[in-house]
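Residue-level listing of the chains:
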Amino acid sequence: MDLLRRIREFFNKFLQERWKNYTTSQKILIIGSILSVLIVLIVLLSIGLKTNYVTLVKNLSEKEAGVVAQKLDDMGIPYKAGPNGTILVPDNVNVYSVRMKLATEGVLGGISRGFEILDKQPFGATSFDKQVRYQVALQGELERTISSLEAVKTARVHLTIPKYTYYVRGEASKPKASVMIVLEPGMNLTPQQIKGIMELVAGAIEGLEPSDVKVIDNNSRILSDLVNLESESLMATSKMQLKKLVEDYYTKKVRSTLERVYGLGNVAVMAEVLLDWKKIEKESKEYIPTNKSEGIVVSKQTESETIEGTSPSVGGPVGTESNIPPTYESLQGTGKSELKREKSIVNYNVSEVYQKVIENREGEILDKSITVFINESIANQNSTPLLNVDVIKKAVANAINVNNDKVEIVIAPFDKTLETEMIKELEEASKRRAFVRLAFGILLLTAVIIILLYTMIRRMRIAKERREIMLRRQELEREIMESLRTTEEALPPEEKEILELRQNLEQLSDERPEDVANVIRLWLTE
């Protein structure tokens, strides 16, 4: 209370005694200064009390951002959500520590789960349940691996793996895979990277071919088709390159030989080669009948049966009277009977011949033809051999191993305009280069001469200045000596002795400076 009372008394006294004495401009200045100080204090307090937020994670999906937000709530860390899956935390929070904790909990880096889900197997799980959990774990591991690429933001992998059973009827279905990729803004995957993803997924699943892996991005573009199209284009390009190499070989072979005869630039050759790209596979089966003497016995069955006993004898009157009572006594037979029977079954294997023939003709030459143009102007030269078309055609046909009808010889005048212009341009270019070299040499020589002249003139000027300085010094010394003589003549004998003593000391200090220094040091110590 006393403090408040004193402050109030100070302001009252200030207003009564001093404030009235101030002019209007001074009052405005004082009020403005006080308001400025108050505004600065308010701004500083607002800045100091305001909570600044920094980015913890960004570019997350809504599901991933929700998982991170829930984990931050459990950790008791305040946060603020932003656009595009951004989560902000106060700047007094160590974001690196929080990120490591979230990564340890498996929250960052996507919500895909890998082989860690196999650590806890539920009780009573069937083989089908285990297979499904393994497939989910494999999908998660592939998603993590693909998401680690630089241009990939997130990835989703869907696998279609046939159910494993111990009994497989017929041909089992092939596994397939689909990969969904979310790219980073402004980035794309190259065909080599797409092919690498396809090879990665195919290598992780048994029996999966890279062609059965489909890759799409977040713009609904089928990226795997780009790889297939590139491979087809590469195959077509390789075929054209091979065709061009073969044609260049025959062209160079014929032209180099004929130019040695008719001179350089007097022969032009065009070759056309037709290559075969067929690949034929033939399969054949032949069944050869067998007989009893030849063939492979598969199974053999033999049955043998023997029956032994007495055979009844036939007796009594002929007719039916013997069957009407009173009848005759039957006669018991006394003869023996025996029956034998054998059966044999032999199964022979049918002789089968299986033959598979693969005939690969890719790159073989089916047909080739060549056309040779010879300059007509060389026929008038005495030193050139005669232009016998038949002889040239036969020589070229033998050189490339074709019939004569595949070789055409055309004798026509060559257009040398382009060659002449090229020669003129080369001559002009050589002249320009010679002129540039000459000009550069002249400039260099001129620069060297200028430098030498400048150096010589400077040295001459320095020598001249030195001579002038020496002359001036001599004149000054002469003037000084004359003035000293005049002064000595005007001085009394005591001052002359002091002057001579001083000159002797100066001469001694110049000749023996160490002795003079020792004497001075001795004087100082005394």
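Residues numbered from 1 in each chain as written. Predicted model: local features only at pLDDT ≥ 70, side-chain atom pairs only at ≥ 80, totals over all residues. Heavy atoms only, no water.

Q: Just checking my understanding: could you explain the overall build of the protein chain for this structure?
A: Counting secondary structure elements, the protein chain contains 11 helices and 13 strands. Split into buried and exposed, the 526 residues of the protein chain put 17% on the buried side. In the protein chain, 70% of the contacts between residues at least 6 apart in sequence involve partners at least 24 apart. Put simply, the protein chain shows about 41,900 Å² of open surface, and 56% of that area lies on carbon and sulfur atoms. (Helix = DSSP H or I, 4+ residues; strand = E, 2+ residues; numbered from the N terminus. Buried < 20%, exposed > 50% of the residue type's maximum accessible area, 1.4 Å probe, protein only. Contact = heavy atoms within 4.5 Å. Areas by Shrake-Rupley, 256 points an atom, 1.4 Å probe, with all protein chains shown as cover.)

Q: I would appreciate a short explanation of the sheet that holds strand β1 (residues 53–57) in the present structure.
A: Each strand in a sheet pairs with another by means of backbone hydrogen bonds, the pair being arranged parallel or else antiparallel. Taken in spatial order, the 3 strands line up as β1-β3-β2 in an open sheet, and their pairing is antiparallel. The two strands at the open ends of the sheet, each matched to only one other strand, are β1 and β2 (80–82). Pairwise comparison of adjacent strand axes, ignoring direction, gives a mean angle of 40° for this sheet. Alignment of β2 against strand β3 (residues 86–90), held across 3 bridges, turns out to be antiparallel. Directly across from K80, in β3, lies its bridge partner L88. (Pairing = 2+ DSSP bridges. Axes fitted to C-alpha atoms, helices over the stretch in contact; angles between N-to-C directions.)

Q: How do you make sense of the side chain of D276 when you look at a structure like this?
A: With respect to the secondary-structure elements, D276 resides in strand β7 (residues 267–276). D276 gets classed as buried once you look at its relative accessible area, which sits at 4%. Ignoring sequence-local partners within four residues, the contact set of D276 consists of R361, E362, G363, E364 and L366.

Q: When you look at the nonpolar core in this model, what are you seeing that I'm missing?
A: Most often, soluble globular proteins have nonpolar side chains that are buried together. One finds I146, V179, I181, L189 and V201 to be the most contacted residues of the largest nonpolar core, which totals 24 residues. Only α5 (127–147), β4 (152–160), β5 (176–183), α6 (191–204), β6 (213–217) and α7 (223–262) provide two or more residues apiece to this core. The biggest single contributor to this core is α6, with 5 residues. For V201, the contacting residues outside a window of four places in its chain are L142, I146, L159, A177, V179, L208 and V213. (Core = buried A, V, L, I, M, F, W, Y, C linked by side-chain atoms within 4.5 Å.)

Q: Honestly, the environment of K214 in this entry has me stumped. Any pointers?
A: Summarising the element assignment, K214 is placed in strand β6. Judged by relative accessible area, which is 41%, K214 ranks as partly exposed. Sequence separation of K214 and I194 is 20 residues, and the distance between their C-alpha atoms is 10.0 Å.

Q: Please explain helix α3 (residues 62–75) as it appears in this structure.
A: Side chains that are three or four residues apart share a direction in an α-helix, a result of its 3.6 residues per turn. Between its first and last C-alpha, α3 extends 20 Å over 14 residues, near the 20 Å set by a 1.5 Å rise per residue. Those residues of α3 that sit buried are E64, A65, V68, A69 and L72. Buried residues of α3 fall within an arc of 135° about the axis and therefore sit on the same side. Facing away from the buried side of α3 by over 90 degrees, the exposed positions are K63, Q70 and D74. Downstream of α3 by a residue or two, G76 has a phi angle that is positive, lying close to 75°. (Expected span 1.5 Å × (residues − 1). Arc of directions from axis to C-beta.)

Q: Help me understand the packing of α5 against α6, please; the structure alone is not making it clear to me.
A: Packed helices, taken two at a time, are described by the angle their axes make and the gap between the axes. Where α5 contacts α6, the two axes come as close as 11 Å, and the packing angle between them is 155°. Considered as vectors, α5 and α6 are oriented roughly antiparallel to each other. Between α5 and α6 lies a crossing whose hand is right-handed. Only I197, L200, V201 and A204 of α6 make contact with α5, whose side of the interface consists of L138, L142, T145 and I146. A class-by-class count of the residues in the contact of α5 with α6 yields 7 nonpolar, 1 polar and no charged. (Parallel < 35°, antiparallel > 145°, perpendicular 65-115°, else oblique. Left-handed = near helix turned anticlockwise from the far one by under 90°. Nonpolar A, V, L, I, M, F, W, Y, C, P; charged D, E, K, R; others polar.)

Q: Explanation requested: helix α8 (residues 389–400) in the structure shown.
A: Between its first and last C-alpha atoms α8 spans 17 Å; for 12 residues at 1.5 Å apiece the expected length is 16 Å, and the two agree. Along α8, the residues classified as buried are I392, V396, A397 and I400. Around the axis of α8, the buried residues are gathered within 130° of arc, so they sit on the same side. Turned more than 90 degrees off the buried face of α8, the exposed positions are D390, V391, K394 and N398.

Q: Whenever I open this one, the pattern of salt bridges confuses me. Can you help?
A: A pair can form between side chains of opposite charge whenever their charged atoms are brought close. Within this structure, the stated rule accounts for 8 salt bridges. Notably, a salt bridge pairs K406 with D367, separated by 3.0 Å at the nearest N-O pair. One end of the pair, K406, is in the loop between α8 and β13 (407–412); the other, D367, is in strand β12 (residues 364–375), and 39 residues separate them in sequence. Judged by its relative accessible area of 30%, K406 falls in the partly exposed class. A residue is classified by how much of its surface remains accessible, and D367, at 32% relative accessible area, is partly exposed. A cluster of three or more residues bridged by salt bridges with shared partners is formed by K243, E247 and E272. (Salt bridge = Lys/Arg side-chain N within 4 Å of Asp/Glu carboxyl O.)

Q: Looking at this model, I keep getting lost on the sheet that holds β6. Mind explaining?
A: Pairing is mixed across the open sheet formed by 3 strands, whose spatial order is β4-β5-β6. Edge strands, defined here as strands with exactly one partner in the open sheet, are β4 and β6. Strand-to-strand twist across the sheet, computed as the mean angle between neighbouring axes with direction ignored, equals 15°. The pairing of β5 with β6 spans 5 bridges and is classified as parallel. Paired with S178 across the strands is K214, a residue of β6. Sitting on the sheet, α6 is in contact with β4, β5 and β6, with an inclination near 135° to β6.

Q: Teacher, can you tell me more about a negative patch on the surface here?
A: A cluster of acidic side chains, namely D415, E421, E425, E427 and E428, defines a negative patch on the protein surface. Position of E427 relative to the elements: it lies in helix α9 (residues 417–490). A relative accessible area of 44% places E427 in the partly exposed class. (Patch = residues over 30% accessible without salt bridge, like charges linked within 9 Å, V, L, I, M, F, W, Y side chains within 5 Å. Lys, Arg positive; Asp, Glu negative; His and termini not counted. Charge placed at Lys NZ, Arg CZ, Asp CG, Glu CD.)

Q: Explain unusual backbone geometry to me, please; I cannot follow it from the model alone.
A: Backbone geometry follows two general trends: most residues other than glycine have a negative phi, and most peptide bonds adopt the trans configuration. At S220, a residue that is not glycine, the phi angle is positive and equals roughly 65°. Within the element layout of this structure, S220 appears in the loop between β6 and α7. Here the phi dihedral of N401 falls at roughly 60°; this positive angle occurs in a residue that is not glycine. Summarising the element assignment, N401 is placed in the loop between α8 and β13.

Q: Can you help me understand the confidence of the model for the protein chain in this one?
A: The predicted coordinates ought not to be read in detail in places where the model reports low pLDDT. Summarising the model, the protein chain shows a mean pLDDT of 76, and 75% of its residues fall at 70 or more. Averaged over each element, pLDDT in the protein chain is lowest for helix α1 (residues 2–18) (67) and highest for β6 (89). (pLDDT = per-residue confidence, 0-100.)

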